[in-house]
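The chain contents come next:
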Amino acid sequence: MSASRTARERVRAELTEEITGLARRQLATEGAAGLSLRAVAREMGMASSAIYRYFASRDDLLTALIIDGYNAVGEAVERADAALPRDDHRGRWLAVCRAVRDWAVTHPHEYALLYGSPVPGYQAPEDTIGPALRDTAVYVRIVADAHAAGTLRPHEPGPVPANLEADLARARTTIGADLPDEVIVRALTVWAALFGTVSFEVFGQFDNVIGERAAYFDHTMGVLASFAGFPAEG
């Protein structure tokens, strides 16, 4: 009986993987809003009623794709960070940025699902929050490590507006790091700029403007690293 259940579970896992794989291909041709369980079932040669045993709705399938995407970005970022010495804070930051870009340009349709326009009618459940924070947790750890080591030197931090206090307090809770206001503001700024730069490349905003994309990206991330307060190399 146990062996039989294991076999069923294995078949279910394989079919689930096939469904999500076909759904990713559908993202490339139809976009997230056009994702259809029935279309996936037809391509698999499966009765449309049968596919609902694996995903109860289109939104459930979208959620699975979103979670897979966030986990893929998180894994790429974690590997990039783990490959460098812990005290090379600037190097770790730059490696993390490159990992995000590399994943995005290799998986543009999945990147669009995660960071592009919201899918009409879809509301992401709480199940997506943990995976969505995986890459952020790595970045926060790098900033916190540099701050704890005394090497983080944000330039001209300036006063943070008083009406941001509640937002910054909430950010501390979310990221789980008790950092000064100016450090959090600059960290959020460069994190947003990272994804803004990647999005411009993935969504074609650099077409006919920037040809040497990798060189431009590396230079920009270096500028952002200095803005965040990571000491210059050398």
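Here goes a summary of the coordinates provided. (Residues numbered from 1 in each chain as written. Predicted model: local features only at pLDDT ≥ 70, side-chain atom pairs only at ≥ 80, totals over all residues. Heavy atoms only, no water.)

1. A look at the overall build of the chain
Then, number 1: Looking only at helices and strands, one finds 11 helices and 0 strands in the chain.
Then, number 2: Ordering the α and β elements of the chain from the N terminus gives α-α-α-α-α-α-α-α-α-α-α.
Then, number 3: Principal axes of the C-alpha set define a box for the chain whose edges measure 65 × 50 × 40 Å.
Then, number 4: Of all intrachain contacts in the chain linking residues separated by at least 6 positions in sequence, the fraction that spans at least 24 positions is 71%.
Then, number 5: Here the chain has roughly 12600 Å² of accessible surface; of this, 53% comes from carbon and sulfur atoms.
Then, number 6: One finds the centroid of the 23 positive side-chain charges in the chain at a distance of 6 Å from the centroid of its 31 negative side-chain charges. (Helix = DSSP H or I, 4+ residues; strand = E, 2+ residues; numbered from the N terminus. Contact = heavy atoms within 4.5 Å. Areas by Shrake-Rupley, 256 points an atom, 1.4 Å probe, with all protein chains shown as cover. Lys, Arg positive; Asp, Glu negative; His and termini not counted. Charge placed at Lys NZ, Arg CZ, Asp CG, Glu CD.)

2. Quick word on the packing of helix α4 (residues 58–82) against helix α5 (residues 89–106)
Then, number 1: It is at 8 Å that the axes of α4 and α5 come closest, and there the two elements cross at 145 degrees. Helix-helix and strand crossings are classified by hand; for α4 and α5 the assignment is right-handed. Of α5, the residues touching α4 (which contributes G69, A72, V73, A76, V77, A80 and D81) are R92, A95, V96, A99, V100 and W103.
Then, number 2: By residue class, the composition of the contact of α4 with α5 is 10 nonpolar, 1 polar and 2 charged. (Axes fitted to C-alpha atoms, helices over the stretch in contact; angles between N-to-C directions. Left-handed = near helix turned anticlockwise from the far one by under 90°. Nonpolar A, V, L, I, M, F, W, Y, C, P; charged D, E, K, R; others polar.)

3. Observations concerning the layout of surface pockets
The probe, sized like a water molecule, is rolled over the atoms to show the empty space still left.
Then, number 1: Its volume calculated, the largest pocket comes out at about 290 Å³.
Then, number 2: T136, V140, I175, L188 and W191 are the residues nearest the centre of the largest pocket, which is lined by 15 residues in total.
Then, number 3: Contributions of two or more residues to the lining of the largest pocket are made by α8 (134–149), α9 (165–175) and α10 (181–202).
Then, number 4: Ranked by residues supplied to the lining of the largest pocket, first place goes to α10 with 5 residues.
Then, number 5: Residues that form the lining of the largest pocket fall into these classes: 13 nonpolar, 2 polar and no charged. (1 Å grid on protein atoms, 1.4 Å probe; cavity = no way out; pocket = protein on both sides within 12 Å on 5 of 7 lines; lining within 4 Å. Points joined across faces, edges and corners; volume = space filled by probe spheres on them.)

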